[in-house]
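# Topology and contacts: notes
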Amino acid sequence: MNSSMIGSDQIIYLIEYLGRLSAGYEFLQLTKYQSKLEKRLANVKKANKKTIIWAALCLLGVSSKNWAEVSGDWVYVPNYSAYYRSNNTTIPTNGALILRYQGTNKEVTTPATLGGQVVVAIGNPYYGYRNFDSAFDGAITKVSLSTNIVEIQSAAFKDCPLLTNMILPERVSSIYVKSFYMCSGLKSINLSKVTEIYYNAFSGCTNLSEINLSSIINLWQDAFSDCTGRTIVTGK
């Protein structure tokens, strides 16, 4: 193989590695983890390594300014750009995104700030690149969300069957892929102000008995698949 080329297996490894990094599994800066890629990128010219790394970062939608960090029991991404909808206008808001709770409590309240930044989102916006875990352990029974959260990102509460109800903050307008996937114990959640729900967001939530979608604009395919007990209330 030409020394300037990179194989598909190396690309896959690189993207998965960076995905794990961005999701908070490893907390290393670019200069610290580059050496870990040397064996996998052995056939790539040294001058091209940094270019390849940054290209993968661009594919993942992350930058050197939003590496995952840790504060107490919380893994988070600083400088995250979240969006919410108000009066048919999409409004950006920047702050911290919670990726993972590492504590052992079964009932938790998300912090209002992390690293001096307001917490604006929870979940994994890089979910599509690897089957990452939920932000919470499956034993969690109650999560109280801080009031400035506007996005429930992918896989936020995935596979948390002991959650029975969820109160969303006022400005949450988007619920992303598999956010509450297989939360089979979930009985109630306030969705009346949510405008967009992505695919499989509530798949397998077999105990949802009533869902108010009075503000919905975009309802993706299979958002509520296998929710056998649901009653959907639509209209304003």
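This text goes with the structure placed above it.
## Considering the overall build of the chain
Helix and strand counts for the chain come out as three helices and 15 strands. Of all 236 residues assigned to the chain, the portion counted as buried reaches 46%. Across the chain, the fraction of contacts at a sequence separation of at least 24, relative to all contacts at a separation of at least 6, is 42%. Taken as a whole, the chain presents about 11,700 Å² of accessible surface, with 48% of it coming from carbon and sulfur.

## Section: the packing of aromatic side chains
What the rule picks out here adds up to 10 aromatic pairs. On the basis of an interplanar angle of 15° and a centroid distance of 5.0 Å, the ring pair of Phe-157 and Phe-180 is categorised as stacked. Within this pair, whereas Phe-157 is found in the loop between strand S8 (151-152) and strand S9 (165-166), its partner Phe-180 is found in the loop between strand S10 (174-175) and strand S11 (188-189), the two being separated by 23 residues in sequence. The residues Phe-157 and Phe-180 share a single accessibility class, namely buried.

## Some remarks on the nonpolar core
Formed by 40 residues in total, the largest nonpolar core has its most connected members in Phe-136, Ile-152, Phe-157, Phe-180, Leu-191 and Phe-202. Of all the elements in the fold, those that place two or more residues in this core are strand S2 (74-86), strand S3 (89-101) and strand S6 (117-122). Considering each element in turn, this core owes the most residues, three residues, to S3. Those residues in contact with Phe-202, other than ones at most four positions away along the chain, are Ile-175, Phe-180, Leu-186, Ile-189, Leu-191, Ile-197, Leu-208, Ala-223, Phe-224, Ser-225 and Cys-227. Within the second largest apolar cluster, 11 residues are counted, among which are Tyr-80, Tyr-84, Ala-121 and Val-150.

## Here we look at the side chain of Ser-174
Mapped onto the fold, Ser-174 is located in strand S10. Those residues in contact with Ser-174 that sit more than four places away from it in its chain are Val-150, Glu-151, Ile-152 and Glu-196.

## Quick notes on the pattern of salt bridges
Pairs can form between side chains of opposite charge once their charged atoms are near each other. Inspection of the entire model under this criterion finds two salt bridges. We note a salt bridge from Lys-158 to Asp-159, for which the minimum N-O separation is 2.9 Å.

## Topic: the environment of Leu-191
If you trace the backbone, Leu-191 turns up in the loop between S11 and strand S12 (196-197). On a C-alpha basis, the gap between Leu-191 and Val-172 in space is 8.8 Å, while along the polypeptide they are 19 residues apart. When neighbours within four sequence positions are excluded, Leu-191 is seen to be in contact with Leu-168, Ile-175, Ile-197, Phe-202, Ile-211, Asn-212, Leu-213 and Phe-224.

## Details of the pairing of S3
Of the strand pairs in this sheet, S2 and S3 are connected by 11 bridges, and their pairing is antiparallel. Of the residues in S3, the one forming a bridge with Val-75 is Arg-100. In this antiparallel pair of consecutive strands, S2 and S3, the connection spans two residues, and Asn-87 shows a positive phi of 50°. Pairing of S3 with S6, which is carried by three bridges, proceeds in the parallel orientation. Each bridged residue has a counterpart across the sheet, and for Ile-98 the counterpart in S6 is Ile-122.

## Observations concerning the environment of Met-166
Within the secondary structure, Met-166 is located in strand S9. The buried category is assigned to Met-166, whose relative accessible area is 2%. Here the alpha-carbon distance between Met-166 and Asn-190, two residues 24 residues apart in the chain, equals 7.2 Å. With residues up to four places along the chain from it excluded, the contact list for Met-166 reads Val-143, Leu-145, Phe-157, Phe-180, Leu-186, Ser-188, Ile-189 and Asn-190.

## Brief notes about the pairing of S2
In terms of strand pairing, strand S1 (residues 69-71) meets S2 through three bridges, oriented antiparallel. Within the sheet, the bridge partner assigned to Glu-69 lies in S2 and is Tyr-76. With antiparallel pairing between neighbouring strands as the criterion, S1 and S2 make up a hairpin whose turn holds two residues, including Gly-72 at a positive phi of roughly 60°.

## Some thoughts on the state of the cysteines
Counting across every chain of the model gives zero disulfides. Looking at the unpaired Cys-160, the closest cysteine sulfur is the one in Cys-183, lying at 5.4 Å. Looking at Cys-205, it has no disulfide partner, and the nearest cysteine sulfur is the one in Cys-227, 5.0 Å off.

## Overview of the environment of Leu-114
Position of Leu-114 relative to the elements: it lies in strand S5 (residues 113-114). Overall, Leu-114 belongs to the buried group, its relative accessible area being 4%. In the structure, Leu-114 is positioned 16 residues away from Ile-98 in sequence and 8.6 Å away in space, judged by C-alpha atoms. Not counting residues within four places of it along the chain, the set of residues in contact with Leu-114 comprises Ser-71, Trp-74, Tyr-76, Ala-96, Ile-98 and Val-119.

Analysis parameters
- Residues numbered from 1 in each chain as written.
- Predicted model: local features only at pLDDT ≥ 70, side-chain atom pairs only at ≥ 80, totals over all residues.
- Heavy atoms only, no water.
- Helix = DSSP H or I, 4+ residues; strand = E, 2+ residues; numbered from the N terminus.
- Buried < 20%, exposed > 50% of the residue type's maximum accessible area, 1.4 Å probe, protein only.
- Contact = heavy atoms within 4.5 Å.
- Areas by Shrake-Rupley, 256 points an atom, 1.4 Å probe, with all protein chains shown as cover.
- Phe/Tyr/Trp six-rings, centres within 6.5 Å; stacked < 30°, edge-to-face > 60°.
- Core = buried A, V, L, I, M, F, W, Y, C linked by side-chain atoms within 4.5 Å.
- Salt bridge = Lys/Arg side-chain N within 4 Å of Asp/Glu carboxyl O.
- Pairing = 2+ DSSP bridges.
- Disulfide = S-S within 2.5 Å.

Functional significance is not addressed by these values, which are geometric in nature.
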